[in-house]
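# Architecture and fold: a report
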Amino acid sequence: MDQLNVIPFDNINMGSEDDPNTALHLQHHQPHNFDFDFDYPNNNDDDLLEPTSLSDPNLDPYEGMEFDSEQSARIFYNSYARRVGFSTRVSVYQRSRRDGSIICRQIVCSREGFRREGNENRSKRQRTVTRVGCKAQMTVKKQSSGKWAVTKLVKDHNHEFVPPDKVHSLRSHRHVSGSARSLIDTLQAAGMGPSGVMSVLIRESGGINNVGFTKVDCQNYMSNSRQRTLGPGGQAVFDYLKQMQAEDPGFFYAVQGDFENSTGNVFWADANARMNYSYFGDTITFDTMYRTNRYRVPFAPFTGWNHHGQPLLFGCALLLNESESSFVWLFETWFAAMSGRCPISITTDQDRIIRAAVSKAFPGTRHRFCKWNVFREAQEKLSHVYHSHPTFEPEFHRCINVAESVDEFESCWESLLQRFDLSDNEWLQSMYNARQQWVPVYLQDTFFGEMSIMQGSDSINSYFDGYINASTNIHNLIKQYEKAMAVRHEKEVKADYDTLNSPPVLKTPSPMEKQAANLYTRRIFMKFQEELVETLAYLATVVDDTGSAITYQVAKFGEDHKVHHVRFNAFEKRASCSCQMFEFSGIICRHILAVFRVKNVLTLPSNYILKRWTRNAKSGVVLDEHTLGLPCNTQESLAARSENLRQEAIRYVEEGAESEHIYNVAMGALHEAIRKVAAAKKCGSAPVQTTLFNGSEQLQWCSLDEDEKIQELRAELEQASQRCEAYRTKLLSVMKDMEERKLRISVKVQNVRLKMKD
């Protein structure tokens, strides 16, 4: 059996993969090299997409099968290989000549090809033959839609398969997992040796076959952890961080451990990340796919969703130590960089060490486990069940994903355990005990920013998918990091442009639809529109009208067995639905909209418009520069100032173009603003005082002339008075009109009464 080597993160050079000028690359693994055979984590691409293949009952690959990302395809094929009894590795891939991203990937059987035999430095020990020219492979290619499709599939192997009780020994199904690494680091820090650590791992896993690696692997990991560093490339990372902070006072970074020798954990966040958190920091994901995979760089980003439903970055970390104290340090450091504002929810993997660190750092935040990681762990812990009962996996997924209520889930779970005789399975019992942190029906009362409850956490929100992966080395990390940042920014700008310049097609005459089209970003409006159109097929029936709130039973026509209940307070125009879609995603559901239609609520009440999903999500001053650590006024970072001005300009253009009259007013105001900016540059260009603030100089600038300010205030007061007078005149006109209508109705009533007497 091959020995699993744990190597320093900067110790392998695969320059061809990192060469953007090469379109096609081959990975040739020499006998002395480390084979990159992985258990692949899932990654979500740009938007809030659900990987179809992982929950599809037909788990065998086929040509035309689609995945949300390249990583999803890798994961699926490796999962399929585990069930069948072979190991996988990545082979050739193709890069785009336009932006250098990977657009085609071939995943092969690990016994594909043949070992190269060199005449020099040949080992005296006869090596086991592991490459036998097997042709089995799956090739996936990125489509114009952004999906990855299987374009070639070879299922036939020229060797025997490994039996289920031995498959965990194959390289792509064998590694020191993230949770195991955290436990090893913690036990090693407490002074425990390899034998003791291995005993704990065997006991925790329920047997040596469930550990996933050998004692030798454990010893190798512990030996390397004593000398784990970022290697020579680590200094380039630190130099980059220092340079960024010098150029941008809003840039934040911190190091735990030995800074000089590149052996400490590192965290950083630029001004944009910190500013974006102030707008969209309600829900975050801590992405540790490097732990599930054998990444050469221990890179872990904090991410979220912007107002277009696109991945957003809130900071990055390099973790050389994975003990509980290291994760607590990271979370507390990130928390300080984000001005001490806790998110509503956080999604991580279900590792016990991370779980403990989150509870210490974010005691008031709802903690969710990534559902895909749970499913992946199930494949390891229940491999014997998956092999002996092919229908178990799709039924297990269906129990988790399809249940719409707690009672339905509980009933389905109990039935699953009984039918497959799993009532005494320790892993399933442990996951059931933690069900409120990963089963969707228990999480629907908390905001996670995803478009549907069933989608929730099927995959990690990967900001760097396609840019940083298992073969990215420390020398190339910063280049790929900046490239991903530039592409993500470009996509957000394009989404902003499309929202403003491509009005959506309205499907109903509803004033509410028109209102939503003007409020929401294009992507979010499409989701709202879908819910609104669906109300045409839903019936809302009163079941309880006692008290201040009326309870409705809402069901789709012909599907009376699928009922949701909506409580509606007509006075406050507030409603709550049993599906809790608004609480989970921030978008109102079809069931409440059906009740609104019955009650003639023609526009969306303000309490159902979540600003974070609107076009103006980033407008207004929401940053506290002092607590965020950003210098005030004109020394605020260039990126922050540019972003604020850009958002305000977009809103100004949108409102200023509504009519010719408003356009003329807007142009006049713009010319006046240009004049004032020029005057301010003359008057306020010299600082009058310098002080230190959070390691940066804080400049106080001279104000405009007091007389000019007084004149401006007088002009604003005059304008306000004119507007008030206009509103008063309009109100009097409306009241007069109402009185006239009332008089006409009164006359009609009198006429009717006279006719009835006659």
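Parameters at a glance
- Residues numbered from 1 in each chain as written.
- Predicted model: local features only at pLDDT ≥ 70, side-chain atom pairs only at ≥ 80, totals over all residues.
- Heavy atoms only, no water.
- Patch = residues over 30% accessible without salt bridge, like charges linked within 9 Å, V, L, I, M, F, W, Y side chains within 5 Å.
- Areas by Shrake-Rupley, 256 points an atom, 1.4 Å probe, with all protein chains shown as cover.
- Salt bridge = Lys/Arg side-chain N within 4 Å of Asp/Glu carboxyl O.
- Helix = DSSP H or I, 4+ residues; strand = E, 2+ residues; numbered from the N terminus.
- Buried < 20%, exposed > 50% of the residue type's maximum accessible area, 1.4 Å probe, protein only.
- Pairing = 2+ DSSP bridges.
- Phe/Tyr/Trp six-rings, centres within 6.5 Å; stacked < 30°, edge-to-face > 60°.
- Lys NZ or Arg CZ within 6 Å of the ring centre and 35° of its normal.
- Contact = heavy atoms within 4.5 Å.
- Expected span 1.5 Å × (residues − 1).
- UniProt positions renumbered as here; feature names shortened; annotations may be inferred.
- Arc of directions from axis to C-beta.

### Focus: a nonpolar patch on the surface
On the surface, Tyr652, Leu670 and Ile674 cluster together to form a nonpolar patch covering roughly 270 Å² of accessible area. Within the fold, Leu670 resides in helix H22 (residues 660-683). Under the relative-accessibility criterion, Leu670 is labelled partly exposed at 37%.

### Remarks on the pairing of strand S11 (residues 299-305)
Of all 7 residues making up S11, 7 are buried, and the element is well covered by its neighbours. Residues Phe299, Pro301, Thr303 and Trp305 of S11 are buried on one face, and the alternating residues Ala300, Phe302 and Gly304, pointing to the opposite face, are buried as well. As judged from the 2 bridges shared by strand S10 (residues 283-286) and S11, these two strands associate in the antiparallel manner. Residue pairing across strands places Phe286 opposite Phe302, the latter belonging to S11. Pairing between S11 and strand S12 (residues 311-318): 7 bridges, direction antiparallel. What sits directly across from Gly304, in S12, is Leu312.

### Looking at the packing of aromatic side chains
Here the structure, examined in full by the defined rule, presents 39 aromatic pairs. When the ring of Phe302 is compared with that of Phe331, the centres are 6.2 Å apart and the planes differ by 75°; the resulting orientation is edge-to-face. Taken as a pair, Phe302 in strand S11 and Phe331 in helix H8 (residues 324-337) lie far apart in primary sequence, 29 residues in all. Phe331 carries the same exposure label as Phe302, and that label is buried. Seen in terms of ring centroids, Phe331 and Phe362 are 5.6 Å apart; in terms of plane orientation they differ by 50°. Their pairing is tilted. You can see Phe331 sitting in helix H8 and its partner Phe362 sitting in the loop between helix H9 (352-361) and strand S14 (366-369), a full 31 residues away along the chain. Put simply, the rings of Phe252, Phe267, Tyr277, Phe286, Phe302, Phe314, Phe327, Phe331, Trp334, Phe335 and Phe362 touch in pairs and so form one group of aromatic residues. The aromatic ring of Phe448 is capped on one face by Arg368, whose charged end is 4.1 Å from the ring centroid.

### Considerations on the environment of Val374
Within the secondary structure, Val374 is located in helix H10 (residues 371-381). Residues Val374 and Gln350, 24 residues apart in the sequence, show an inter-C-alpha distance of 7.3 Å. With near-sequence residues (within four places) excluded, Val374 lies in contact with Gln350, Phe369, Trp427, Met431 and Trp438.

### Remarks on unusual backbone geometry
The phi dihedral of Asp421 is positive, around 55°, even though this residue is not glycine. Along the chain, the position of Asp421 falls in the loop between helix H13 (406-419) and helix H14 (426-433). Phi is positive for Lys573, which is not a glycine, with a value near 55°.

### Topic: helix H3 (residues 194-205)
Taking 1.5 Å of rise per residue, 12 residues should cover 16 Å, and H3 covers 16 Å from first to last C-alpha, within 8% of that figure. Gly206, located one to two residues past H3, shows a positive phi value of around 80°.

### Thoughts on the pairing of strand S6 (residues 137-142)
For strand S5 (residues 102-109) and S6, the ladder comprises 5 bridges, and the chain directions are antiparallel. Pairing of Arg105 across the sheet is with Val140, part of S6. By the bridge criterion, 6 bridges tie S6 to strand S7 (residues 148-154) in an arrangement that is antiparallel. In the sheet register, Lys142 faces S7, and the bridge partner there is Trp148. Hairpin connection, S6 to S7: the antiparallel pair is bridged by 5 residues, and Gly146 has positive phi, about 100°.

### Comments concerning the UniProt feature "domain: SWIM-type" (unreviewed entry) in the protein
This chain's UniProt record puts "domain: SWIM-type" (unreviewed entry) on residues 564-600. Overall, residues 564-600 shows 38% helix and 27% strand. The separation of its end C-alpha atoms is 20 Å.

### A look at H13
In this model H13 runs 20 Å from its N-terminal to its C-terminal C-alpha over 14 residues, within 8% of the 20 Å that 1.5 Å per residue would give. Listed in full, the buried residues belonging to H13 are Phe409, Trp413, Leu416 and Leu417. When H13 is viewed along its axis, its buried side chains cluster within an angular range of 95° and face the same direction. More than 90 degrees from the buried face of H13, the exposed residues found are Asp407 and Gln418. Phi turns positive one or two residues past the end of H13, at Asp421, with a value near 55°.

### Side note on the pattern of salt bridges
Scanning the entire structure with this criterion turns up 20 salt bridges. Among the ionic pairs, Arg105 bridges to Glu70, the shortest N-O distance being 2.8 Å. Taken together, the residues Arg105 in strand S5 and Glu70 in helix H1 (residues 70-84) connect sequence positions 35 residues apart. Of the two residues, Arg105 and Glu70, both sit in the buried class. Across the pair Asp498 and Lys494 runs a salt bridge, and its minimum N-O distance is 2.9 Å. Of this pair, Asp498 and Lys494 both sit in helix H15 (residues 474-501), 4 residues apart, which is roughly one turn of that helix.

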